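Summary of the model geometry
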Amino acid sequence: MKIVVADDYKELSILTAKTLASQIFLKPDSVLGLATGSTPTLVYRELIRMHEQDKLDFAHVVTFNLDEYLGIDPKNENSYHYYMQHNFFNEVNIPKDNIYIPDGQAEDIDKECKDYEMSICKHRGIDIQILGIGQNGHIGFNEPDVEFEAATHTVKLNENTIKANARFFKDQNEVPKFAISMGIKTIMNAKKILLLANGETKVDAIYHMINDGITSQVPASILQLHPDVTVLIDEAAAERLDKHKIIV
Ligand code: PGA
């Protein structure tokens with residue numbers, strides 16, 4: 001696990017965008033695994049800038065999002081469909097057919113999960129996966145649990161996540177209680193992973209991800225076993241790390 005402590009949120013976002021741009025430059029038909037939430041918004045803004053000013057071309061890029069709330073209308077401004085359209089897809093030239101986000105309104109959710117896995121396989125896997133991390137150590141919506149869930153599946157969101165995500169909704173009661181998420185195996189199958197975190201609310205999650213044993217109680221700890229993970233954090237999120245152990 002490579003750990004990069006950036007000066008601030010802006011620097012870690014630009015570093016991430018540069019890594020994605022270089023991936024796309026080297027392999028124009030790259031398959032990107034994308035995340036939502038507040039953490040990657042500046043990465044998307046920087047990629048849009050690169051598209052507009054540096055001609056970064058997304059014409060052959062394929063994307064798979066990590067997750068979506070269950071039962072939410074894609075037009076609802078809190079859906080991850082809406083987030084992706086408004087924070088990224090509307091501003092770059094990724095063909096509509098190359099964009100995959102779990103359908104939270106699918107009639108047969110089990111089939112939707114299986115089809116999602118199948119689509120990732122058909123595209124020969126994810127080249128580079130962007131992850132945020134929950135305050136409780138979740139990745140995607142893989143919540144702390146008694147065991148790791150392998151494939152794309154439905155999840156019951158835990159109280160901590162509902163509380164953390166309530167800031168995006170008018171009322172905490174409006175936060176959906178269930179979601180569809182890529183599983184741990186889906187994420188671990190990505191060839192390269194970039195995990196981003198900033199701010200003091202992530203300090204404990206980052207500490208446990210790196211220092212605890214591998215445990216489904218801290219889902220991100222599984223990343224210790226992945227051969228190509230870069231953790232990009234700011235000083236605040238790195239506060240509890242032993243500076244001598246940071247390998248860059
Ligand atoms: P955030 O969410 O980027 O909004 O902090 C990250 C996550 O919950 O995975």
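It should be emphasised that the depicted structure is a prediction, and the values quoted were computed from it without experimental measurement. (Residues numbered from 1 in each chain as written. Predicted model: local features only at pLDDT ≥ 70, side-chain atom pairs only at ≥ 80, totals over all residues. Heavy atoms only, no water.)

**What about helix H2 (residues 41-53)?**
As a reminder of what qualifies: The helix count covers DSSP runs of H or I at least four residues long, the strand count covers runs of E at least two residues long, and both are numbered beginning at the N terminus. Working rule for helices: expected span equals 1.5 Å times residues minus one. Any pair of residues with heavy atoms lying within 4.5 Å of one another is described as a contacting pair.
With 13 residues, H2 ought to run about 18 Å at 1.5 Å a step, and its terminal C-alpha atoms sit 18 Å apart, in line with that. The elements touched by buried residues of H2 are helix H1 (9-26), strand E2 (31-34), helix H3 (80-87) and strand E9 (192-197). Immediately downstream of H2, the backbone of Lys55 shows phi near 60°, a positive value.

**Observations regarding the layout of surface pockets**
The gaps left among the atoms become clear once a water-sized probe is rolled over them. Filter applied, for reference: Cavity and pocket criteria rest on a 1 Å grid covering protein atoms alone: a 1.4 Å probe that fits but cannot get out defines a cavity, protein on both sides within 12 Å along at least 5 of 7 lines defines an open pocket, and an atom within 4 Å of a point defines a lining residue. Grid points are joined across faces, edges and corners, and a volume is the space filled by probe spheres set on the points. Nonpolar residues are Ala, Val, Leu, Ile, Met, Phe, Trp, Tyr, Cys and Pro. Charged residues are Asp, Glu, Lys and Arg, and all others, Gly as well, are polar.
In this structure, the largest pocket occupies an estimated 460 Å³ of space. The wall of the largest pocket is formed by 26 residues, among which Gly37, Ile133, His138, Asn165 and Lys202 lie closest to the centre. With four residues, the top contributor of residues to the lining of the largest pocket is helix H5 (residues 159-165). By residue class, the composition of the lining of the largest pocket is eight nonpolar, 15 polar and three charged. Approximately 170 Å³ is the volume attributed to the second largest pocket. Secondary-structure elements contributing two or more residues to the lining of the second largest pocket are H3 and strand E5 (99-100). Each residue belonging to the lining of the second largest pocket can be placed in one class, and the counts come to three nonpolar, two polar and one charged.

**A short note on the packing of aromatic side chains**
The way to describe two aromatic rings as a pair is by their centre distance and the angle between their planes. Going by this rule: For Phe, Tyr and Trp, where Trp contributes only its six-membered ring, two rings pair if their centres lie within 6.5 Å, and the inter-plane angle classes them as stacked under 30 degrees, edge-to-face over 60, or tilted in between. Accessible area is worked out with a 1.4 Å probe on protein chains only. A residue is then buried under 20% of its type maximum, exposed over 50%, and partly exposed in between.
Scanning the model with the defined rule gives 10 aromatic pairs in all. Aromatic side chains Tyr44 and Tyr83 sit 6.3 Å apart centroid to centroid with 75° between the ring planes, which places their arrangement in the edge-to-face category. Separated by 39 residues along the polypeptide, Tyr44 in helix H2 and Tyr83 in helix H3 bring together distant segments of the chain. Its relative accessible area of 2% is what places Tyr44 among the buried residues. Residue classification places Tyr83 among the buried positions, given a relative accessible area of 12%. Aromatic side chains Tyr69 and Phe141 sit 5.7 Å apart centroid to centroid with 40° between the ring planes, which places their arrangement in the tilted category.

**Concerning the packing of H2 against H3**
What counts here: In this analysis an axis means a line fitted to C-alpha atoms, helices contributing only their contacting stretch, and an angle means the value between N-to-C directions, from 0 to 180 degrees.
Running from N to C, H2 and H3 cross one another at 35°; their axes reach a closest spacing of 10 Å. Contacts from Thr41, Tyr44 and Ile48 in H2 reach Tyr83, Met84 and Asn87 in H3. Classifying every residue of the contact of H2 with H3 gives four nonpolar, two polar and no charged.

**As for the packing of H1 against H2**
When two helices pack together, their arrangement is given by the angle between the helix axes and by the axis-to-axis distance. Note the cut-off: These descriptions rest on fixed angle ranges, namely under 35 degrees for roughly parallel, over 145 for roughly antiparallel, 65 to 115 for roughly perpendicular, and the rest for oblique. In this scheme the crossing of two helices becomes right-handed for a clockwise turn of the near helix relative to the far one and left-handed for an anticlockwise turn of less than a right angle.
Where H1 meets H2, the axes come as close as 8 Å, and the angle between the chain directions of the two elements is 50°. Between H1 and H2, the interaxial angle falls into the category oblique. In this structure, H1 meets H2 at a crossing whose hand is right-handed. When H1 is examined against H2, the residues Tyr9, Lys10, Ser13, Ile14, Thr16, Ala17, Lys18, Leu20 and Ala21 are found in contact with a partner set consisting of Thr41, Leu42, Val43, Glu46, Leu47 and Met50. Taken together, the residues of the contact of H1 with H2 sort by class into nine nonpolar, three polar and three charged.

**Quick notes on the pairing of E9**
Rules: Between any two strands, at least two bridges found by DSSP are needed for them to pair.
Taking burial as the measure, the six residues of E9 include five buried ones, the bulk of the element. Across four bridges, the pairing between strand E6 (residues 128-131) and E9 is parallel. In the strand pairing of E9, Ile130 is matched with Leu194. By the bridge criterion, five bridges tie E9 to strand E10 (residues 229-234) in an arrangement that is parallel. If you follow Ala197 over to E10, its bridge partner there is Ile233.

**Describing H1**
The first and last C-alpha atoms of H1 sit 26 Å apart over 18 residues, in line with the 26 Å expected at 1.5 Å per residue. Among all positions of H1, only Leu12, Ser13, Thr16, Ala17, Leu20, Ala21, Gln23 and Ile24 are buried. Against the buried residues of H1 lie strand E1 (2-6), E2, H2, E6, E9 and E10.

**Things to note about the sheet that holds strand E4 (residues 67-69)**
Pairing in this open sheet of three strands is antiparallel, and the strands run E4-E8-E7 from one edge to the other. Both edges of this open sheet fall to E4 and strand E7 (153-156), since each of them pairs with a single strand only. In this sheet, adjacent strand axes meet at a mean angle of 25° when their direction is disregarded.

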